[in-house]
Number of protein chains: 4
Amino acid sequence: MRNLFAASAAALSVMAAPVLADNNSPNVFNGNITEDEVFNAEKGWCNALLEISAANMKGGQPAAKKVAENVLDTGYAYDNGGVLFKPTLTVAPQTFRSTREGALAYFVGGDPKFPNDKGFALGDWTKCDVLTDGVLLMGNNAISMGQVTVTNKQGQATTVDKTWGWMKDSQGNLRIVLHHSSLEHTGS
Amino acid sequence: MRNLFAASAAALSVMAAPVLADNNSPNVFNGNITEDEVFNAEKGWCNALLEISAANMKGGQPAAKKVAENVLDTGYAYDNGGVLFKPTLTVAPQTFRSTREGALAYFVGGDPKFPNDKGFALGDWTKCDVLTDGVLLMGNNAISMGQVTVTNKQGQATTVDKTWGWMKDSQGNLRIVLHHSSLEHTGS
Amino acid sequence: MRNLFAASAAALSVMAAPVLADNNSPNVFNGNITEDEVFNAEKGWCNALLEISAANMKGGQPAAKKVAENVLDTGYAYDNGGVLFKPTLTVAPQTFRSTREGALAYFVGGDPKFPNDKGFALGDWTKCDVLTDGVLLMGNNAISMGQVTVTNKQGQATTVDKTWGWMKDSQGNLRIVLHHSSLEHTGS
Amino acid sequence: MRNLFAASAAALSVMAAPVLADNNSPNVFNGNITEDEVFNAEKGWCNALLEISAANMKGGQPAAKKVAENVLDTGYAYDNGGVLFKPTLTVAPQTFRSTREGALAYFVGGDPKFPNDKGFALGDWTKCDVLTDGVLLMGNNAISMGQVTVTNKQGQATTVDKTWGWMKDSQGNLRIVLHHSSLEHTGS
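Keep in mind that what you see is a predicted model, and the values were worked out from it rather than measured.

A. Quick look at the overall build of chain A. Of the regular secondary structure elements, chain A holds 3 helices and 6 strands. The buried share of chain A, taken over its 188 residues, is 57%. The contacts in chain A between residues at least 6 apart in sequence include a share of 53% that link residues at least 24 apart. Surface summary for chain A: the accessible area is close to 7600 Å², and the carbon and sulfur share equals 52%.

B. Looking closely at the relation of the copies chain D and chain C. Least-squares fitting of chain D to chain C yields an RMSD of 0.0 Å, with the superposition described by an axial translation of 0.0 Å and a rotation of 180 degrees. What we have between these two chains is a two-fold relation. Minimal C-alpha distance to the rotation axis in chain D is attained by Ser182(D), lying at 3.1 Å. Taken as a fraction of all interface residues of chain D, those also at the interface in chain C reach 100%, which identifies the copy contact as same-surface.

C. Expanded view of the packing of helix H2 (residues 35–75) of chain D against helix H3 (residues 100–108) of chain D. Residue and element names in this part refer to chain D. It is the contact of H2 with H3, at a shortest axis distance of 13 Å, that shows an interaxial angle of 50 degrees. The angle between the axes of H2 and H3 places the two elements in the oblique class. Contact residues: H2 offers Trp45, Ile52, Gln61, Ala64, Lys65, Ala68, Glu69, Leu72 and Asp73, while H3 offers Arg100, Ala103, Leu104, Phe107 and Val108. For the contact of H2 with H3, the per-class residue count stands at 9 nonpolar, 1 polar and 4 charged.

D. Spatial organisation of the state of the cysteines. All names here are of chain B. Following the criterion strictly, the structure yields 4 disulfides over all chains and no others. In this model, cysteine 46 is linked to cysteine 128 through a disulfide, with the two sulfur atoms separated by 1.9 Å. Note on the cysteine 46 and cysteine 128 pair: the S-S dihedral is about -60 degrees, so by sign convention the disulfide is left-handed. Here cysteine 46, found in helix H2 (residues 35–75), pairs with cysteine 128, found in strand S3 (residues 125–138); they are 82 residues apart in sequence, far enough to count as distant. Looking at cysteine 46, the relative accessible area reads 3%, which means it is buried. On the basis of relative accessible area, cysteine 128 is assigned to the buried category, the value being 12%.

E. Representation of the packing of aromatic side chains. According to the stated counting rule, one finds 40 aromatic pairs over all chains in the structure shown. Aromatic pair Tyr76(B) and Phe107(B): ring centres 6.3 Å apart, planes at 70 degrees, arrangement edge-to-face. Within this pair, whereas Tyr76(B) is found in the loop between H2 and strand S2 (84–86), its partner Phe107(B) is found in helix H3 (residues 100–108), the two being separated by 31 residues in sequence. Phe107(B) carries the same exposure label as Tyr76(B), and that label is buried. When the ring of Tyr76(D) is compared with that of Tyr78(D), the centres are 6.1 Å apart and the planes differ by 15 degrees; the resulting orientation is stacked. Tyr78(D) shares its class with Tyr76(D); the two are buried.

F. Local environment of the interface of chain D and chain C. With 35 residues of chain D at the interface, the matching set in chain C holds 35 residues. The tally of links between chain D and chain C comes to 2 salt bridges. A salt bridge links Lys86(C) to Asp161(D); its shortest N-O distance comes to 3.9 Å. Those elements giving two or more residues to the side of chain D that touches chain C turn out to be strand S2 (84–86), strand S3 (125–138), strand S4 (141–152), strand S5 (157–168) and strand S6 (174–183) of chain D.

G. Representation of the interface of chain A and chain B within the structure. Facing the 35 residues of chain A at the interface are 35 residues of chain B. Contact between chain A and chain B buries roughly 2600 Å² in total, counting both sides, with carbon and sulfur atoms accounting for 73%. The largest per-residue losses of area from chain A upon contact with chain B belong to Leu84(A), Phe96(A) and His185(A), which jointly make up 25% of the total buried on that side. At the boundary of chain A and chain B, one finds 2 salt bridges. Joining chain A to chain B, the criterion identifies 4 residue pairs in polar contact (both at pLDDT 80 or more). Sorting the residues of the side of chain A that touches chain B by element identifies strand S2 (84–86), strand S3 (125–138), strand S4 (141–152), strand S5 (157–168) and strand S6 (174–183) of chain A as the ones contributing at least two each. Considered class by class, the residues forming the side of chain A that touches chain B number 14 nonpolar, 16 polar and 5 charged.

H. The pattern of salt bridges, seen in detail. Taken as a whole and judged by the stated rule, the model has 36 salt bridges over all chains. Close ionic contact of Glu69(A) with Arg100(A) constitutes a salt bridge, the shortest N to O distance being 3.9 Å. With a gap of 31 residues between them, Glu69(A) in helix H2 (residues 35–75) and Arg100(A) in helix H3 (residues 100–108) connect regions that are remote in the sequence. Of the residues examined, Glu69(A) reaches a relative accessible area of 26% and is grouped as partly exposed. Using a relative accessible area of 28% as the deciding quantity, one classes Arg100(A) as partly exposed. Arg100(D) is paired through a salt bridge with Asp73(D); the nearest N and O atoms lie 2.7 Å apart.

I. Summary view of the environment of Gln171(A). Residue and element names in this part refer to chain A. Mapping glutamine 171 onto the fold places it in the loop between S5 and S6. A relative accessible area of 46% places glutamine 171 in the partly exposed class. Along the primary structure glutamine 171 and glutamate 42 are separated by 129 residues, whereas in three dimensions their C-alpha atoms are 18 Å apart. Within polar-contact distance, the side chain of glutamine 171 engages the side chain of serine 170 at 3.5 Å.

J. Helix H3 (residues 100–108) of chain C, seen in detail. Residue and element names in this part refer to chain C. In terms of residue burial, H3 counts as a mostly covered element, since 7 of its 9 residues are buried. Taken residue by residue, H3 has Gly102, Ala103, Leu104, Ala105, Tyr106, Phe107 and Val108 as its buried positions. If you follow the buried residues of H3, they end up packed against helix H2 (35–75) and strand S2 (84–86). Following H3 by one or two positions, glycine 109 has its phi on the positive side, about 60 degrees.

K. Geometry of the relation of the copies chain A and chain B. Expressed as a screw transformation, the operator carrying chain A onto chain B has a rotation angle of 180 degrees and an axial translation of 0.0 Å, and the superposed copies differ by an RMSD of 0.0 Å. Same-surface contact between copies: 100% of interface residues of chain A are shared with the interface of chain B.

L. Just the side chain of Glu42(D), in detail. Residues and elements named next belong to chain D. For glutamate 42, the position within the fold is in helix H2. Of the side chains with opposite charge, lysine 43 lies nearest to the buried glutamate 42, which makes no salt bridge, at 7.6 Å. At 2.6 Å, the side chain of glutamate 42 forms a polar contact with the side chain of threonine 132. Residues contacting glutamate 42, with those up to four places away along its chain left out, are Val130, Thr132, Ser144, Trp164 and Trp166.

M. Up close: the sheet that holds strand S6 (residues 174–183) of chain B. With mixed pairing, the 6 strands of this open sheet are ordered in space as S2(B)-S6(B)-S5(B)-S4(B)-S3(B)-S1(C). If you trace the sheet from one side to the other, it starts and ends with S2 of chain B together with strand S1 (27–30) of chain C, each paired once. Ignoring which end each strand starts from, the neighbouring axes of this sheet average 30 degrees apart. Two elements, S2(B) and S6(B), share 3 bridges in a ladder whose sense is parallel. Among the inter-strand pairings, Phe85(B) is bridged to a residue of S6(B), identified as His179(B). On top of the sheet, H2(B) reaches S3, strand S4 (141–152), strand S5 (157–168) and S6 of chain B together with S1 of chain C; it is set at about 145 degrees to S3(B), its chief contact.

Scoring rules and cut-offs
Residues numbered from 1 in each chain as written. Chains lettered and ligands numbered in written order. Predicted model: local features only at pLDDT ≥ 70, side-chain atom pairs only at ≥ 80, totals over all residues. Heavy atoms only, no water. Helix = DSSP H or I, 4+ residues; strand = E, 2+ residues; numbered from the N terminus. Buried < 20%, exposed > 50% of the residue type's maximum accessible area, 1.4 Å probe, protein only. Contact = heavy atoms within 4.5 Å. Areas by Shrake-Rupley, 256 points an atom, 1.4 Å probe, with all protein chains shown as cover. Least-squares fit on C-alpha atoms with pLDDT ≥ 70 in both. Axes fitted to C-alpha atoms, helices over the stretch in contact; angles between N-to-C directions. Parallel < 35°, antiparallel > 145°, perpendicular 65-115°, else oblique. Nonpolar A, V, L, I, M, F, W, Y, C, P; charged D, E, K, R; others polar. Disulfide = S-S within 2.5 Å. Phe/Tyr/Trp six-rings, centres within 6.5 Å; stacked < 30°, edge-to-face > 60°. Salt bridge = Lys/Arg side-chain N within 4 Å of Asp/Glu carboxyl O. Buried area = accessible area lost by both parts, 1.4 Å probe. Polar contact = N/O pair within 3.5 Å; in protein donor to acceptor, adjacent residues only side chain to side chain. Lys, Arg positive; Asp, Glu negative; His and termini not counted. Pairing = 2+ DSSP bridges.

See below:
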């Protein structure tokens, strides 16, 4: 299956692979993540959410689940070292989702092992915007923090505070190693 | 001033500096953060919160502010590259605190530029416990995620979901480069 | 084919993959290279050289070439980002071998594009010892420097000064990203 | 004293420190070493060698030693984690110089503890050129490999094969953590 993040973000196709030297210039092997790769990957996450939601609206939960599995397999690092994940709406004692199974349940529900998960990505989302507050670039890892606003087909918008940690995999695509999402504090 | 994190966590005094070789063994220069250093730094954060709170109970906000400044200068990386900080109780448009000034206002209040900040560390906290869910070790950076429960002198406990990013500074102490804290979602 | 480095160094089979938590302890995802992994990989390089040499003594250059290809494919990072390689005995203008093809020619010769390469690994080596002087550990990269002494079946020993750079690949095996080897300076 | 590397390479003054955001764009904290920073630091090393040599020609070994000390203190990482150093002309058992003292002896001689060191930088060098073959960029570390040709005032040129490992320090300057230098192999 194609990589949704790469599909939605052309810059992600920039490989970690060598820029081969011509006769006059050095070989440069660069594994560092750039600022633009982070911004594109953030947009890629939004697009992935919208694709899952669209699949659900068109084909129901089974169709959404299929898309979500691809998102997890290509955009998260469950098979590339591990993921720390605190989704927006999980409740104790299943707050954290360090397994692909727990992440999938959060996005599309339908897993009796996670009875409180209704499927966040099934929310008929039709719009998703990222406002990045800050980025840390640390070699082939990066962290970004900001707000994401998702809007459903009824026009209702929800804003969450979000931190993502990224790694660049051996194909040069960014994957999520950290995801902490929380509802905005209202102060009341 | 002493480094509160180091003071409260003996393992943090393990230097990044060389383990000098005797005649028979190689020099090993190791800048990597270990699991135990992360656990100790997490406890160090709790101890720092309790020290600010204790200073306030004894000497009022000015005393607490002095301790908080030391915590920020020795335990955060505002002077070592930058910090991404989403505190538990901030509200838009001042949600994120990428400056030392904004972080100080959050912890001890009293800054007219941050009128909604009442001073989180002035909450008469007498107990602070960390339950770590996961740790990512990435050279001289690390990320940890889990829950922190703070209890005040009336015995009221509050649990927050927390992600910390750490770096090891040139003295071998851990500093916070990322801090995302959010109230537990109740599901209602 | 099996990974020669892993074969010769049991510790290399320690995966970068998660150490799964039981119910009471955190998940720890650790991609850092340890001192012992470096020492084992250095021994693995020696063993790989001896295997190529043994294959040559038994089956001639074609047999040696087959082993050398496996060594390069499993122990060097030509397909994992790139390699900087200055072999001991190369001469200008083909001093540096940034391609797998150039590295293979150095080890087993027989490539008309590299006419000065006689095949270093065809030297009837029966012994190979590493004396490490120093190691730098930098997350999933490491550098080690020291001397390697190779002895042939006639008992003649040659000592070279050597620097290796290592990366840990997605299977948790170390691969060479840097290799600078030079004959000892005699002072005359 | 000023940092010779920074002095000779303006790009090195680019700080690791935050690029502060205006109201519309995110804070980006970038600690990664760039290709151009490596090229500038390589030139900086050449300039440093020429400055030591010039100081010697003008003021003798004591003047050269003073410059060399500054070069080591600002351009090497002896106080920032450690250095692996195999100079071009050292002989066993003092081949490797993991201490500032041993490095200083190599550059300017005059140290009875290192009786074979005549002072490489006292060679009346008036020209120093770098031809980079390859660069590995790995976050706040980098490695470069290539050839350096030094020419003395009599016009005699010597070419060496060289590998440098770099780190970016807390002031944003590059420092040498690895230095392997060797005379070209002549093939005879």
